[in-house]
Amino acid sequence: MARAYWLVKSDPDTFGLAHLRASPRRTTSWDGVRNYQARSLIRDRMREGDGVLFYHSGQRPPAVVALAEVVGRAYPDTTQFEETHAGYDPASTPAHPRWYAIDVRLVEELPRPVTLPEIRATSGLEDMVLLKRGRLSVQPVTPAEWRTVVALGRRRSERRA
DNA sequence: GCCAACGTTGGC
DNA sequence: GCCAACGTTGGC
């Protein structure tokens, strides 16, 4: 099966590129997702080796800042069973977990961020889920979109306003 | 800090 | 099953 591509959003104050870089083996458990659509993508679609655009939301401007990859397969998100955790779900049981997590490893920090305004303005990216459905925290990216975003992020020359 | 978009909850 | 109220996300 061909490699698939994804975009994951994170708030850099909560868990951003700096945290990912500092994680053991530059790998983290992508947990805490409590949206059914995102859950289904994590659990049913994401595969070892898939490419991940690491996106910082909640900063100005929001931007894709790094490339990552999926490690292994999804597993039940243990935070759903922890009563003290913000993502605690009393309706979920270990036998029938509702929420899933997956490991993500940092592969490459982009020389320059690819900002949301730039994505909006780039031909070929107008159909990105990022622009169509603003609040989905894990979303699919097409191979063409992946190539375009990666090329922009690796471009060394300064961006012209 | 504001607020629009939109997913989720719950009354009926 | 409908839909209004509510809560959260995330751009600005």
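This structure is a prediction, so every number in the text was calculated from the model and none was measured.

J.: Describe unusual backbone geometry, listing the residues and the values that go with them.
T.: Omega for the peptide link from Arg60 to Pro61 comes to -15 degrees, which places this bond in the cis form. Assignment of secondary structure puts Pro61 in the loop between strand E3 (51-56) and strand E4 (63-76). Look at Arg25: it is not a glycine, yet its phi comes out positive at around 55 degrees. Structurally, the position occupied by Arg25 is in the loop between helix H2 (17-22) and strand E2 (27-30). Of note in this structure, Arg26 is not a glycine but carries a positive phi near 50 degrees. Checked against the element boundaries, Arg26 lands in the loop between H2 and E2. A residue is classified by how much of its surface remains accessible, and Arg26, at 31% relative accessible area, is partly exposed.

J.: Tell me about the sheet that holds strand E5 (residues 100-115), residues and numbers included.
T.: Two modes of strand pairing occur in sheets, parallel and antiparallel, and in both the strands are linked by backbone hydrogen bonds. The six strands lie next to each other as E2-E5-E4-E3-E1-E6, forming an open sheet whose pairing is mixed. Taken across any chain shown, the strands that pair with only one partner, and hence form the sheet edges, are E2 and strand E6 (138-141). Averaged over all adjacent pairs, the angle separating strand axes in this sheet is 35 degrees, with direction ignored. For E4 and E5, the ladder comprises ten bridges, and the chain directions are antiparallel. Residue Pro76 lies in a different strand from E5, and its bridge partner there is Tyr100. Each of strand E1 (5-10), E3, E4, E5 and E6 touches helix H6 (residues 143-154); the most contacted strand, E5, lies at about 50 degrees to it.

J.: Give a detailed account of the nonpolar core, specifying residues and quantitative values.
T.: If you look at the biggest cluster of nonpolar residues, it comprises 24 residues, and the most contacted ones within it are Trp30, Ile42, Met46, Phe54, Ile102 and Val138. The set of elements that each furnish at least two residues to this core consists of E1, H2, helix H3 (36-45), E3, E4 and E5. Here this core gets five residues from one element, more than from any other, and that element is E4. With residues near it in sequence (within four places) discarded, Phe54 still touches Val8, Ser10, Phe15, Gly16, Leu17, Leu20, Trp30, Ala63, Val64, Val65 and Ala66.

J.: Talk me through the protein's contact with DNA strand C; I want residue IDs and the actual numbers.
T.: Taken together, Lys9, Tyr55, Ser57, Gly58, Pro62, Leu116, Arg120, Gly134 and Arg135 are the residues near DNA strand C. Sugar and phosphate atoms represent 75% of those atoms of DNA strand C found within 4 Å of the protein. In this structure, Tyr55 approaches DNA strand C through a side-chain N or O atom, which is 2.8 Å from a phosphate oxygen. Between DNA strand C and the protein, one listed contact pairs a phosphate oxygen with a side-chain N or O atom of Arg120 at 3.2 Å. Looking at the surface near DNA strand C residue by residue, the classes come out as three nonpolar, three polar and three charged.

J.: Account for the protein's contact with DNA strand B, with residues named and values stated.
T.: Near DNA strand B the following residues occur: Asn35, Tyr36 and Arg135. Separating a base oxygen of DNA strand B from a side-chain N or O atom of Arg135 is a distance of 2.4 Å.

J.: Give me H3: which residues, what numbers.
T.: The set of residues buried in H3 consists of Ala38, Arg39, Leu41 and Ile42. The buried residues of H3 all sit within an arc of 160 degrees when viewed along its axis, so they share a single face. For H3, the elements touching its buried residues are E1, E4, E5 and E6. Capping the start of H3 is the job of one residue whose side-chain oxygen sits 3.0 Å from the backbone nitrogen of Gln37: Asn35.

Here is what the cut-offs are and how they apply
Per chain, residue numbering runs from 1 following the sequence as it is written. All chains are assigned letters beginning at A, and all ligands numbers beginning at 1, according to the order in which they are written. Given that the model is predicted, a residue must reach a pLDDT of at least 70 before its local features are reported, and side-chain atom pairs must reach 80 or more before they are shown or counted; all residues, however, enter totals for whole chains, interfaces and linings. Calculated side-chain values reflect all of the structure's heavy atoms, with hydrogen atoms and water omitted. Think of it this way: any DSSP run of H or I at least four residues long counts as a helix, any run of E at least two long counts as a strand, and we number them from the N terminus. Only protein chains enter the calculation, and the probe is 1.4 Å; a residue is then buried if its accessible area is under 20% of its type maximum, exposed if over 50%, and partly exposed in between. Following DSSP output, two strands are said to pair if at least two bridges run between them. Axes here mean lines fitted to C-alpha atoms, for a helix over just the part in contact, with angles spanning 0 to 180 degrees between N-to-C directions. Whether two residues are in contact is decided by their heavy atoms, any of which lying within 4.5 Å being enough. Put simply, buried Ala, Val, Leu, Ile, Met, Phe, Trp, Tyr and Cys residues joined by side-chain atoms within 4.5 Å make one nonpolar core. For this purpose, a residue is taken to be near a molecule or strand whenever a single non-hydrogen atom of the residue falls within 4 Å of it. Pairs of N or O atoms within 3.5 Å make up the polar contacts considered here, provided that, within protein, one atom can donate a hydrogen while the other can accept it, and that residues adjacent in sequence are counted only when both atoms are side-chain atoms. Only Asp, Glu, Lys and Arg are considered charged in this grouping, and only Ala, Val, Leu, Ile, Met, Phe, Trp, Tyr, Cys and Pro are considered nonpolar; every other residue, Gly among them, is considered polar. The directions from the helix axis to the C-beta atoms are what the arc is built from.

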